[in-house]
Amino acid sequence: MKNISDFCGYDYKSLIYFENIIKKLKIPKIGKIVQLGSNFCVTLERMCNFYGHKRCIGYDLINPLNHPNVVIKDCSKLGKDKKMDNFMIAYCDIDLSSLHISPKLRINAVKWAAKQVVKNGYILTNNSWAFKKHSSFDVEKFFIDNKFKIIQLDKYKNQKWAKIFNKKSPWNTKSAMLCKKL
Ligand SMILES: C[S@@+](CC[C@H](N)C(=O)[O-])C[C@H]1O[C@@H](n2cnc3c(N)ncnc32)[C@H](O)[C@@H]1O
(Lines give C-alpha, C1' and ligand atoms only; values in the text may rest on other atoms or scores of the structure.)
Protein backbone atom coordinates (compact mmCIF):
# COMPACT_ATOMS: atom_id res chain seq x y z
CA MET A 1 0.00 0.00 0.00
CA LYS A 2 2.21 2.77 -1.26
CA ASN A 3 -0.14 5.46 -2.41
CA ILE A 4 -3.72 6.65 -2.16
CA SER A 5 -4.80 4.71 -5.26
CA ASP A 6 -4.12 1.50 -3.31
CA PHE A 7 -7.08 2.26 -1.01
CA CYS A 8 -10.24 0.89 -2.55
CA GLY A 9 -13.30 2.66 -1.20
CA TYR A 10 -17.03 2.95 -1.73
CA ASP A 11 -16.65 4.03 -5.36
CA TYR A 12 -14.42 1.06 -6.22
CA LYS A 13 -15.43 -1.25 -9.09
CA SER A 14 -15.81 -4.42 -6.97
CA LEU A 15 -18.43 -2.75 -4.82
CA ILE A 16 -20.22 -1.10 -7.75
CA TYR A 17 -20.42 -4.46 -9.56
CA PHE A 18 -21.46 -6.23 -6.38
CA GLU A 19 -24.31 -3.82 -5.61
CA ASN A 20 -25.60 -3.52 -9.18
CA ILE A 21 -24.97 -6.96 -10.71
CA ILE A 22 -23.75 -9.69 -8.38
CA LYS A 23 -26.42 -9.32 -5.68
CA LYS A 24 -29.08 -9.89 -8.35
CA LEU A 25 -27.55 -13.14 -9.67
CA LYS A 26 -28.88 -16.52 -8.67
CA ILE A 27 -25.82 -17.87 -6.89
CA PRO A 28 -25.67 -21.60 -6.04
CA LYS A 29 -26.51 -22.46 -2.43
CA ILE A 30 -23.42 -24.66 -2.15
CA GLY A 31 -19.94 -23.18 -2.08
CA LYS A 32 -18.06 -20.21 -0.66
CA ILE A 33 -18.29 -16.58 -1.72
CA VAL A 34 -14.67 -15.58 -2.34
CA GLN A 35 -12.90 -12.33 -2.98
CA LEU A 36 -9.28 -12.65 -4.10
CA GLY A 37 -7.89 -9.24 -3.16
CA SER A 38 -10.00 -7.98 -0.27
CA ASN A 39 -8.00 -4.82 0.55
CA PHE A 40 -9.87 -2.80 3.21
CA CYS A 41 -12.85 -5.21 2.98
CA VAL A 42 -15.33 -2.60 1.81
CA THR A 43 -16.85 -5.13 -0.62
CA LEU A 44 -16.14 -8.21 1.48
CA GLU A 45 -18.13 -6.76 4.38
CA ARG A 46 -21.12 -6.20 2.07
CA MET A 47 -20.78 -9.78 0.83
CA CYS A 48 -20.77 -11.02 4.44
CA ASN A 49 -23.91 -9.02 5.23
CA PHE A 50 -25.67 -10.28 2.11
CA TYR A 51 -24.68 -13.97 1.98
CA GLY A 52 -23.83 -14.48 5.66
CA HIS A 53 -20.44 -14.37 7.36
CA LYS A 54 -20.08 -18.16 7.32
CA ARG A 55 -19.97 -18.33 3.52
CA CYS A 56 -17.61 -15.45 2.73
CA ILE A 57 -13.85 -15.43 2.60
CA GLY A 58 -11.35 -12.82 1.44
CA TYR A 59 -7.72 -13.41 0.50
CA ASP A 60 -5.05 -10.74 0.59
CA LEU A 61 -1.48 -10.01 1.60
CA ILE A 62 -2.89 -7.47 4.04
CA ASN A 63 -5.78 -7.23 6.49
CA PRO A 64 -5.42 -3.69 7.81
CA LEU A 65 -8.74 -3.68 9.69
CA ASN A 66 -8.38 -7.26 10.98
CA HIS A 67 -11.53 -8.44 9.25
CA PRO A 68 -12.32 -11.89 10.67
CA ASN A 69 -13.06 -13.40 7.24
CA VAL A 70 -9.72 -12.58 5.64
CA VAL A 71 -7.02 -15.17 5.03
CA ILE A 72 -3.61 -13.58 4.67
CA LYS A 73 -1.98 -15.39 1.81
CA ASP A 74 0.23 -14.74 -1.17
CA CYS A 75 -2.19 -15.78 -3.90
CA SER A 76 0.62 -16.57 -6.32
CA LYS A 77 0.73 -19.78 -4.24
CA LEU A 78 -3.01 -20.50 -4.51
CA GLY A 79 -3.59 -24.14 -5.37
CA LYS A 80 -0.21 -25.33 -4.05
CA ASP A 81 -1.63 -26.37 -0.66
CA LYS A 82 -3.98 -29.16 -1.76
CA LYS A 83 -5.80 -29.27 1.62
CA MET A 84 -6.30 -25.56 2.27
CA ASP A 85 -6.96 -24.40 -1.28
CA ASN A 86 -9.39 -27.10 -2.30
CA PHE A 87 -13.01 -26.11 -1.58
CA MET A 88 -16.21 -25.42 -3.51
CA ILE A 89 -16.88 -21.87 -4.68
CA ALA A 90 -20.25 -20.38 -5.62
CA TYR A 91 -18.89 -16.94 -6.55
CA CYS A 92 -15.37 -15.55 -6.88
CA ASP A 93 -14.26 -11.98 -7.53
CA ILE A 94 -10.66 -11.99 -8.82
CA ASP A 95 -9.14 -8.63 -7.98
CA LEU A 96 -5.54 -9.26 -6.99
CA SER A 97 -3.08 -6.42 -7.42
CA SER A 98 -3.60 -4.80 -10.84
CA LEU A 99 -3.69 -6.58 -14.17
CA HIS A 100 -0.95 -4.36 -15.60
CA ILE A 101 1.34 -4.98 -12.60
CA SER A 102 0.81 -8.72 -12.08
CA PRO A 103 -0.89 -10.48 -14.99
CA LYS A 104 0.64 -13.82 -13.88
CA LEU A 105 -0.96 -13.50 -10.45
CA ARG A 106 -4.37 -13.06 -12.05
CA ILE A 107 -3.82 -15.93 -14.47
CA ASN A 108 -2.91 -18.24 -11.58
CA ALA A 109 -6.05 -17.08 -9.75
CA VAL A 110 -8.23 -17.63 -12.83
CA LYS A 111 -6.90 -21.17 -13.25
CA TRP A 112 -7.38 -21.96 -9.55
CA ALA A 113 -10.88 -20.48 -9.30
CA ALA A 114 -12.06 -22.22 -12.49
CA LYS A 115 -11.30 -25.58 -10.82
CA GLN A 116 -13.21 -24.77 -7.64
CA VAL A 117 -16.42 -23.22 -8.98
CA VAL A 118 -19.57 -25.34 -8.75
CA LYS A 119 -22.17 -25.72 -11.52
CA ASN A 120 -24.00 -22.41 -12.11
CA GLY A 121 -21.41 -20.59 -10.00
CA TYR A 122 -19.71 -17.43 -11.22
CA ILE A 123 -16.27 -15.85 -11.53
CA LEU A 124 -15.84 -12.10 -12.00
CA THR A 125 -12.60 -11.16 -13.72
CA ASN A 126 -11.02 -9.15 -16.50
CA ASN A 127 -11.96 -10.10 -20.05
CA SER A 128 -9.73 -10.57 -23.12
CA TRP A 129 -10.01 -6.88 -24.01
CA ALA A 130 -8.23 -6.03 -20.75
CA PHE A 131 -5.91 -9.05 -20.64
CA LYS A 132 -4.52 -8.70 -24.14
CA LYS A 133 -2.78 -5.43 -23.28
CA HIS A 134 -0.70 -7.16 -20.61
CA SER A 135 -0.49 -10.86 -21.44
CA SER A 136 -0.82 -13.37 -24.24
CA PHE A 137 -3.12 -15.48 -22.05
CA ASP A 138 -6.46 -15.92 -23.87
CA VAL A 139 -8.70 -15.71 -20.81
CA GLU A 140 -12.01 -16.03 -22.67
CA LYS A 141 -10.84 -19.10 -24.59
CA PHE A 142 -9.64 -20.60 -21.32
CA PHE A 143 -13.08 -20.23 -19.76
CA ILE A 144 -14.95 -21.48 -22.82
CA ASP A 145 -12.64 -24.52 -23.03
CA ASN A 146 -13.39 -25.19 -19.36
CA LYS A 147 -17.18 -25.13 -19.88
CA PHE A 148 -18.02 -21.61 -18.77
CA LYS A 149 -20.44 -19.20 -20.41
CA ILE A 150 -19.11 -15.65 -20.73
CA ILE A 151 -21.25 -12.66 -19.84
CA GLN A 152 -19.59 -9.37 -20.73
CA LEU A 153 -20.31 -6.63 -18.18
CA ASP A 154 -20.62 -4.21 -21.05
CA LYS A 155 -24.13 -5.57 -21.53
CA TYR A 156 -25.05 -3.37 -18.55
CA LYS A 157 -23.55 -0.23 -20.08
CA ASN A 158 -26.92 1.46 -20.71
CA GLN A 159 -28.07 1.10 -17.13
CA LYS A 160 -28.05 4.33 -15.15
CA TRP A 161 -25.42 3.21 -12.63
CA ALA A 162 -23.10 1.99 -15.45
CA LYS A 163 -23.39 5.21 -17.41
CA ILE A 164 -22.23 7.18 -14.35
CA PHE A 165 -19.56 4.58 -13.51
CA ASN A 166 -18.15 4.51 -17.06
CA LYS A 167 -18.14 8.29 -17.30
CA LYS A 168 -16.82 9.26 -13.88
CA SER A 169 -14.63 6.40 -12.63
CA PRO A 170 -11.23 5.17 -13.85
CA TRP A 171 -12.85 1.76 -14.52
CA ASN A 172 -15.17 0.64 -17.27
CA THR A 173 -17.65 -2.18 -17.77
CA LYS A 174 -15.94 -3.01 -21.06
CA SER A 175 -12.94 -4.52 -19.24
CA ALA A 176 -14.73 -7.14 -17.14
CA MET A 177 -16.80 -10.28 -17.51
CA LEU A 178 -18.69 -12.83 -15.52
CA CYS A 179 -17.99 -16.47 -16.26
CA LYS A 180 -20.76 -18.92 -15.39
CA LYS A 181 -19.90 -22.59 -14.95
CA LEU A 182 -22.18 -24.71 -17.11
C1 LIG B 1 -7.39 -3.47 -6.07
S2 LIG B 1 -7.14 -4.11 -4.49
C3 LIG B 1 -8.60 -5.07 -4.15
C4 LIG B 1 -9.82 -4.23 -3.78
C5 LIG B 1 -10.99 -5.04 -3.29
N6 LIG B 1 -11.40 -6.00 -4.32
C7 LIG B 1 -12.19 -4.21 -2.87
O8 LIG B 1 -13.32 -4.54 -3.25
O9 LIG B 1 -12.02 -3.26 -2.11
C10 LIG B 1 -5.95 -5.33 -4.85
C11 LIG B 1 -5.48 -6.11 -3.62
O12 LIG B 1 -4.65 -7.18 -4.06
C13 LIG B 1 -3.75 -7.46 -3.00
N14 LIG B 1 -2.63 -8.26 -3.51
C15 LIG B 1 -1.61 -7.88 -4.31
N16 LIG B 1 -0.78 -8.90 -4.55
C17 LIG B 1 -1.28 -9.98 -3.87
C18 LIG B 1 -0.87 -11.34 -3.71
N19 LIG B 1 0.25 -11.83 -4.30
N20 LIG B 1 -1.61 -12.16 -2.95
C21 LIG B 1 -2.73 -11.70 -2.32
N22 LIG B 1 -3.17 -10.42 -2.44
C23 LIG B 1 -2.47 -9.58 -3.21
C24 LIG B 1 -3.34 -6.06 -2.52
O25 LIG B 1 -2.83 -6.13 -1.20
C26 LIG B 1 -4.66 -5.29 -2.63
O27 LIG B 1 -5.32 -5.20 -1.40
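Scroll up for the structure.
These remarks concern the structure in this document. (Residues numbered from 1 in each chain as written. Predicted model: local features only at pLDDT ≥ 70, side-chain atom pairs only at ≥ 80, totals over all residues.)

**Concerning the overall build of the protein chain**
Point 1. Scanning the protein chain from terminus to terminus reveals six helices and seven strands.
Point 2. In sequence order, the secondary structure elements of the protein chain are arranged as α-β-α-β-β-β-α-β-α-α-β-α-β.
Point 3. Expected size for 182 residues packed as a compact globule is a radius of gyration near 16 Å; at 15 Å, the protein chain falls within 12% of this value.
Point 4. Seen through its C-alpha atoms, the protein chain measures out along the principal axes to roughly 40 × 40 × 30 Å.
Point 5. Across the 182 residues of the protein chain, 37% fall into the buried class.
Point 6. Across the protein chain, the fraction of contacts at a sequence separation of at least 24, relative to all contacts at a separation of at least 6, is 64%. (Helix = DSSP H or I, 4+ residues; strand = E, 2+ residues; numbered from the N terminus. Rg over C-alpha atoms; globule rule 2.2 N^0.38 Å. Buried ≥ 20, exposed ≤ 12 C-beta atoms within 10 Å, placed from the backbone. Contact = placed C-beta atoms within 7 Å.)

**Overview of the site of the ligand**
Point 1. In the vicinity of the ligand, 22 residues are found, and the nearest of them are C8, S14, G37, N39 and T43.
Point 2. Breaking the shell around the ligand down by element, the ones donating at least two residues are α1 (13-20), α2 (42-51) and β2 (56-60).
Point 3. Residue classes in the shell around the ligand are distributed as eleven nonpolar, eight polar and three charged. (Near = placed C-beta within 6 Å. Nonpolar A, V, L, I, M, F, W, Y, C, P; charged D, E, K, R; others polar.)

**Quick look at the sheet that holds strand β7 (residues 176-181)**
Point 1. Spatial ordering of the open sheet is given by β3-β2-β1-β4-β5-β7-β6, a layout of seven strands whose pairing is mixed. Here the strands that pair on one side only, and so sit at the sheet edges, are β3 (70-72) and β6 (148-152). For this sheet the average axis-to-axis angle between neighbouring strands, irrespective of direction, equals 20°. (Pairing = 2+ DSSP bridges. Axes fitted to C-alpha atoms, helices over the stretch in contact; angles between N-to-C directions.)

**Quick look at α1**
Point 1. Those residues of α1 that sit buried are K13, S14, Y17 and F18. Buried residues of α1 fall within an arc of 130° about the axis and therefore sit on the same side.
Point 2. Turning to α1, the residues buried within the fold contact α2, β4 (89-94) and β5 (117-126). (Arc of directions from axis to C-beta.)

**Structural notes on the nonpolar core**
Point 1. Counting 44 residues, the largest nonpolar core has L36, C92, I94, A109, A113, I123 and L124 as its most contacted members.
Point 2. If you tally residues by element for this core, the top one is helix α3 (residues 103-116), at six residues.
Point 3. Those residues within four positions of L124 in sequence are excluded, and the remaining contacts are Y17, I22, D93, I94, A176 and L178. (Core = buried A, V, L, I, M, F, W, Y, C linked by C-beta atoms within 7 Å.)

**Comments concerning the environment of A130**
Point 1. Among the secondary structure elements, A130 is positioned in helix α4 (residues 128-131).
Point 2. Along the primary structure A130 and I151 are separated by 21 residues, whereas in three dimensions their C-alpha atoms are 15 Å apart.
Point 3. Contact partners of A130, with chain neighbours within four places excluded, come to L99 and S175.

**Details of the packing of α1 against α2**
Point 1. At their nearest, the axes of α1 and α2 sit 8 Å apart, and the two run at 25° to each other. The orientation of α1 with respect to α2, classified from their angle, is roughly parallel. In the packing of α1 onto α2, the handedness of the crossing is left-handed. Contacts between α1 and α2 pair S14, L15 and F18 from the former with V42, T43, R46 and M47 from the latter.
Point 2. Among the residues forming the contact of α1 with α2, the class breakdown is four nonpolar, two polar and one charged. (Parallel < 35°, antiparallel > 145°, perpendicular 65-115°, else oblique. Left-handed = near helix turned anticlockwise from the far one by under 90°.)

**Things to note about unusual backbone geometry**
Point 1. Residue N39 is not a glycine yet carries a positive backbone phi of 55°.
Point 2. You can see N39 is positioned in the loop between β1 (32-36) and α2.
Point 3. The backbone of S97 shows a phi angle near 50°, a positive value even though the residue is not glycine.

**Points about the pairing of β7**
Point 1. Judged by how many residues are buried, β7 sits mostly within the fold: five of six residues are covered.
Point 2. Two elements, β5 and β7, share five bridges in a ladder whose sense is antiparallel. In the sheet register, T125 faces β7, and the bridge partner there is M177.
Point 3. Where β6 and β7 come together, five bridges link them in antiparallel fashion.

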